[in-house]
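Below are the chains, spelled out letter by letter.
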Amino acid sequence: MESHKGILHKVSKMYMDTSDDQQDLFQEIICQLWKSYDTFRNESQFSTWMYRVAVNTAIVFLKKEKRKVDKYEMPSENVKEDESDFYIKESQLDHFYKAVQKLEKIDKAIIFYQLEGFSHKEIGENLGISEGNARVKLNRAKEKLKEIIKNQGYGF
């Protein structure tokens, strides 16, 4: 788990906005991985199984959070031209994650798997859909993401 914990942080950032919520989700994913370790059957790589548990836990966690009243607004971020490249990239990444949070659960999962370098076939296998369906859903998710980013005033 230690060698793949970065992925758990990515999942947390994709599904939760505030750092407190991200940390809560991260802890929930860790707990769920420990609880469900007995279900790992070595039929796939450990990291693949771990990704699947993390995404499923995030979806369940998000459902619980959505039942609560929305307690925050998505702030718009203005990037100053004189910021260093690091801060500009951090801002872009933060804006990207905020846009991803507005996607439907399946679209978040597909974007997540694509960012991790999974093939269309692997995405389909992990989500229980065909390779062709994974390809179509990925393209649609990308278009939705572009539209969200554009509507939030952060064009490409």
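Residues numbered from 1 in each chain as written. Predicted model: local features only at pLDDT ≥ 70, side-chain atom pairs only at ≥ 80, totals over all residues. Heavy atoms only, no water.

Colleague: Help me get a handle on the nonpolar core, residues and values and all.
Modeller: Core analysis: the biggest nonpolar cluster contains 40 residues, and Leu8, Val11, Tyr15, Val55, Ile111, Phe112 and Leu145 have the highest contact counts within it. Broken down by secondary-structure element, the contributors of at least two residues to this core are helix 1 (5-15), helix 2 (19-36), helix 3 (46-67), helix 4 (85-101), helix 5 (105-115) and helix 7 (131-151). Among the elements that take part in this core, helix 3 stands out by supplying 10 residues, more than any other. What Val55 contacts, discounting residues up to four positions off in sequence, is Val11, Tyr15, Ala109, Phe112 and Tyr113. (Core = buried A, V, L, I, M, F, W, Y, C linked by side-chain atoms within 4.5 Å. Buried < 20%, exposed > 50% of the residue type's maximum accessible area, 1.4 Å probe, protein only. Helix = DSSP H or I, 4+ residues; strand = E, 2+ residues; numbered from the N terminus. Contact = heavy atoms within 4.5 Å.)

Colleague: Residues and numbers for the confidence of the model for the protein chain, please.
Modeller: Mean pLDDT over the protein chain works out to 80, with 81% of the residues at or above the 70 mark. Highest mean pLDDT in the protein chain belongs to helix 7 (92); lowest belongs to helix 4 (74). Taken together, the stretch residues 69-83 has pLDDT below 50 and engages in 17 contacts with residues farther than four places along the chain or on a different chain. (pLDDT = per-residue confidence, 0-100.)

Colleague: Tell me about helix 1, and please be specific about residues and values.
Modeller: For helix 1, the full list of buried residues reads Ile7, Leu8, Val11, Ser12, Met14 and Tyr15. Angular distribution of buried residues about the axis of helix 1 spans 165°; they occupy a single face of the element. (Arc of directions from axis to C-beta.)

Colleague: Which residues make up the pattern of salt bridges, and what values go with them?
Modeller: Tallied over the entire structure, the rule returns five salt bridges. Close ionic contact of Glu2 with Lys5 constitutes a salt bridge, the shortest N to O distance being 3.0 Å. For Glu2, a relative accessible area of 59% corresponds to the exposed category. In this structure Lys5 comes out as partly exposed when scored by relative accessible area, which is 35%. One salt bridge in this structure joins Glu131 and Arg135, with 3.4 Å as the shortest N-O distance. In this pair, Glu131 and Arg135 are both assigned in helix 7, four residues apart and thus about one turn of the helix distant. We classify Glu131 as partly exposed; its relative accessible area is 38%. You can call Arg135 partly exposed: its relative accessible area is 37%. (Salt bridge = Lys/Arg side-chain N within 4 Å of Asp/Glu carboxyl O.)

Colleague: Please give an account of the side chain of Gln22 that cites residues and values.
Modeller: With respect to the helices, strands and loops of the structure, Gln22 is situated in helix 2. Owing to a relative accessible area of 15%, Gln22 belongs among the buried residues under this scheme. The residues contacting Gln22, other than those within four sequence positions of it, are Ser12, Lys13, Met16 and Asp17.

Colleague: Can you explain helix 7? Please cite residues and give values.
Modeller: Since the α-helix packs 3.6 residues into each turn, any two residues three or four apart lie on the same face. Compared with an ideal rise of 1.5 Å per residue, which puts 21 residues at 30 Å, helix 7 spans 30 Å between its outermost C-alpha atoms and is within 8% of the ideal. Here helix 7 has its buried residues at Ala134, Leu138, Ala141, Leu145, Ile148 and Ile149. Taken end-on, helix 7 shows its buried residues confined to a sector of 90°, consistent with a single buried face. For helix 7, the exposed residues set more than 90 degrees away from the buried face come down to Arg140, Lys150 and Asn151. (Expected span 1.5 Å × (residues − 1).)

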